[in-house]
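# Fold and geometry: a report
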Amino acid sequence: MKEILVVANRTLGGAKLLDAVRARAASGDVRFRLVVPQSKPSAGLVIYDEAVRESAQVRVDLALSAVAAEGIEATGEVGDPDPFLATMDAVSERRPDEIILSTHPATHSGWLRRDLIERIQNATGLGVEHVVTDLEQEGLPFQVTLVVASKTSSGEELIERLRTKATEGDRRHLFIAVVPQQDGSGEAPREARARLAAMLDRLHAAGLISSGTIGDPDPYTATLNALELFRVDDVVISTLPDQRSGWLRANLIERVRNATSAQVEHVIVDLQPATAASAAS
């Protein structure tokens, strides 16, 4: 079986890259190995290394789910922040027959400014197909929704709204969930991951392509970090009703709307009073 290594990060999901993968898959007995190097945030933004790595894992998860839905066999991993080292690690481990590398156009690609393609060709002796994806001009062939929720992350109102959104429009829908931690305590990450896992289980059971990560204890910071790390079309923020929600008392919805051009939708989840009264969102 022929193995093809695919290296991409922020251009992952672009139509031209998907077309290249589909064409190889249609040609015969082939499988794909996806490597997503971790990407650093824009200058001046402070985002923890763990969040950067988890954002790359989200891209891996969503890409594998999307191609699996088309019957394409693929596995994937998060790679070194240096795309050359990430590629060389994968080549050493997997011994692929060919490499597909996806970048932004030359004017916007840090990878191309480092002569990445030539360096990989010289170091491996393998053929490297370079796929240029201009997301600013082409957009993504998917509708991508960022979902921000914590205590209400598995609420029926939220899950039902996401089910409905998946049927809207003529593009396939991807969901990226962010569950902010409740506070800075040592138990907070574990609790947030449990909520995230429960939410993703419900979304997957509904047949929705989704992945996610936990976020900063400040929901505004968690949302802005996600907007920096992912390209999304719209944002859904889920809270408890009215004054039971600390997020609403902090004007989270309005603040996020002022910070992004993406549409921001507010979904209210009214949990059982005994459950909801103990904490805000």
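Before reading on, note that the structure itself is shown above.
The structure contained in this document is the topic of the report that follows. Positions within a chain are numbered from 1, following the residues in the order the chain's sequence is written. Predicted model: local features are reported for residues with pLDDT of at least 70 only, side-chain atom pairs are reported and counted for 80 or more only, and whole-chain, interface and lining totals are derived from all residues. Side-chain metrics in this entry use all non-hydrogen atoms of the structure; hydrogen atoms and water are not considered.

### Section: the nonpolar core
Ranked by internal contacts, the top residues of the largest apolar core, which has 48 residues, are Val-6, Leu-17, Leu-146, Val-235 and Ile-237. Contacts between residues were defined by any pair of non-hydrogen atoms, one from each residue, lying within 4.5 Å. With near-sequence residues (within four places) excluded, Val-6 lies in contact with Leu-17, Val-21, Phe-32, Arg-33, Leu-34, Val-35 and Ile-100. Nonpolar cores are built from buried Ala, Val, Leu, Ile, Met, Phe, Trp, Tyr and Cys residues. Side-chain atoms within 4.5 Å join them into one set. Note on classification: 1.4 Å probe, protein chains only; a residue is buried when its accessible area is under 20% of the maximum for its type, exposed when over 50%, partly exposed between these limits.

### Thoughts on the pattern of salt bridges
For this analysis, a salt bridge means a side-chain nitrogen from Lys or Arg found within 4 Å of a carboxyl oxygen belonging to Asp or Glu. One pass over the structure, following the stated rule, counts 23 salt bridges. Residues Glu-156 and Arg-163 are paired through a salt bridge, measuring 3.5 Å at the closest nitrogen-oxygen approach. One salt bridge in this structure joins Glu-265 and Lys-165, with 3.8 Å as the shortest N-O distance. Here Lys-165 lies in helix α7 (residues 156-166) and Glu-265 lies in strand β10 (residues 263-268), a separation of 100 residues in the sequence. An identical accessibility class is assigned to Glu-265 and Lys-165; each is buried. Salt bridges sharing partners connect three or more residues here, namely Arg-161, Lys-165, Glu-168, Asp-234 and Glu-265. A run of H or I in DSSP becomes a helix once it reaches four residues, and a run of E becomes a strand once it reaches two; helices and strands are each numbered from the N terminus.

### Notes on the side chain of Thr-133
Relative to the helices and strands, Thr-133 resides in the loop between β5 (128-132) and α6 (135-138). Discounting residues that sit within four places of it in the chain, Thr-133 has contacts with Thr-11, Gly-14, Lys-16, Leu-17, Ser-102, Thr-103, His-104, Pro-105 and Glu-138.

Shape is all these values report; function is a separate question.
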